Amino acid sequence: MKEIVTRFAPSPTGYMHIGNLRTALYSYLIARHSGGKFILRIEDTDRERFVAGAEKVIIDTLHTIGLTYDEGPDIGGPAGPYRQSERKDIYTHYAKMLIDKGCAYYCFCGKEEKQTDNGNFAAYNGHCRNLTQAEIDENLAAGKPYVIRFKMPRDGETTYHDNVFGDITVENNTMYDLILIKSDGFPTYNFAHVIDDHLMNVNTVVRGSEYITSTPQYVQIYRAFGWDLPEYYHLPLIMGKNEDGSVSKLSKRHGSVTFADMVANGYLPEAILNYIVMLGWHPKDEREIFSLNDLVEIFDPADIRKSSAIFDYDKLKWLNAKYLTNMTTSEFGIVAQPFIEKVLTHEVANFDALLRLLQPRVQILSEIPEKIEFFQALPEFDINLLENSKKKTTLENAKTILKNALEKLNTVDSWNNDTLFNVLNALAEELGIKSMSVMWVIRLAVSGNVVTVGGATEIMEVLGKAESIARMATTLERL
Ligand code: GLU
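Before going into details, it helps to say that this report is about the structure given with it. (Residues numbered from 1 in each chain as written. Predicted model: local features only at pLDDT ≥ 70, side-chain atom pairs only at ≥ 80, totals over all residues. Heavy atoms only, no water.)

Focus: the side chain of Ser447
Part 1 of the argument: The residue Ser447 is located in helix 16 (residues 435-447) in this model.
Part 2 of the argument: At 3.0 Å, the side chain of Ser447 and the backbone nitrogen of Asn449 are in polar contact.
Part 3 of the argument: Once you skip the residues sitting within four places of it in the chain, Ser447 turns out to touch Phe374, Leu378, Pro379, Thr452 and Ile459. (Helix = DSSP H or I, 4+ residues; strand = E, 2+ residues; numbered from the N terminus. Polar contact = N/O pair within 3.5 Å; in protein donor to acceptor, adjacent residues only side chain to side chain. Contact = heavy atoms within 4.5 Å.)

Details of unusual backbone geometry
Part 1 of the argument: Between Gly80 and the following residue, Pro81, the backbone shows a cis peptide bond with an omega angle of -5°.
Part 2 of the argument: Turning to its location among the elements, Pro81 is positioned in the loop between helix 2 (54-65) and helix 3 (88-100).
Part 3 of the argument: The phi torsion at Asn201 lies on the positive side, around 60°, for a residue other than glycine.
Part 4 of the argument: Its place among the elements puts Asn201 in the loop between helix 5 (189-199) and strand 8 (204-208).
Part 5 of the argument: Residue classification places Asn201 among the exposed residues on the basis of a relative accessible area of 55%. (Buried < 20%, exposed > 50% of the residue type's maximum accessible area, 1.4 Å probe, protein only.)

Notes on the state of the cysteines
Part 1 of the argument: Applying the stated criterion to the full structure yields zero disulfides.
Part 2 of the argument: Here Cys109 stays unpaired: no disulfide links it, and the sulfur of Cys128, its closest cysteine neighbor, is 3.4 Å away. (Disulfide = S-S within 2.5 Å.)

A short note on the sheet that holds strand 7 (residues 179-181)
Part 1 of the argument: Read across the sheet, three strands follow the order 3-4-7 without closing on themselves; strand pairing throughout is antiparallel. Edge strands, defined here as strands with exactly one partner in the open sheet, are strand 3 (104-107) and strand 7. With direction set aside, neighbouring strand axes in the sheet form an average angle of 40°.
Part 2 of the argument: Sheet topology places strand 3 next to strand 4 (residues 147-150); four bridges connect them, and they run antiparallel. Opposite Ala104, over in strand 4, you have Phe150 as the bridge partner. (Pairing = 2+ DSSP bridges. Axes fitted to C-alpha atoms, helices over the stretch in contact; angles between N-to-C directions.)

Take a look at the structure:
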């Protein structure tokens, strides 16, 4: 069997969208699963849309999630360069070859139809399709600007097989004479990617389903050259859930849709990757947690589905939480640190206790700052909150609780959750007050919050003895 060669061919927009990332992942998995090759190619021929630093975003993202490529712009390879903007002469050469074969022509009309993002293009009336050689030579000699167009067959139909969507057929008279080379000398995506895929030996093309209906035109280019067609995998659309329950193409209003935004929001790259693979593919069993290596082993492209995938943030959060809880405390500390530093400018007494408190209680890391703000300083709070009928507390017994707790706690040496818990329980018994009343008063006294991450004694463990006692004393003074 021949070696499978796939590629990821992003246009450098400055972002790595979820859809792009999935394309990269599936291309990578199809190649690696079969022991084949994976190539990175930068499709930067649209100079008007050039974004500085965009290539770095792509490369950094692939590195972060572990999608290593065998050939690419930064590492080179036998079919390089791997940036289309550096391959201009190659495309010109092949476009001229098509002219010589009678499959393409110079067009001097001066109208460059706008090519849409998904490779579709507007009609062209074919005016220059049948210019005489004399007319062409005259125009060229006069230095008239031109584009090079493909001479699309007018009759019949074009069919190709897509491994996900099946046979796709388009009537040839609905296809236009697409531009191969623009007047600025740069190729269009339509042409460049065909040439590159051929020269880079790419035999398996994986990309978004927006290219399904334009692919017959690319098939015609392959045929004009007499080249073998690649295998095609067009991937299903990714939809987002709207507030009213309907779905529409995934976009910003559904939440963060770029890799960088998701990471900034506290999703782990491993969890994102694990989630994204499910958008259009399902393993044969019910497993849900996969590392990249697991996926390389089990990914069968025959299981790619054609029905649209729905991006479900709740599911992603659930998965992210799984990854967080599976970490060791110190691993969690590393990923949580930047989010902790957003609100804590000084160290808490027991950082490990803080991590243990947070780890099982956050789904995404961006939930951290809000949860831990009160560790920075005791916030001002309404002292009347100490009085709570459900917890059976009054301002009067709160005062008693705090006074006595301070006395007891002053003598505690091993300041940890268990000891503190026992001390306060014993105190409750001694005072003939319910334990929940004691815990309520003390939790509020040290946190200033009605809802907190963790209970009174867990919070005190994080704060340490001096700070806990100082906070309780401050609260007592207010009574
Ligand atoms: N540059 C195209 C894109 O980013 C690539 C499409 C393809 O993979 O052929 O959409």
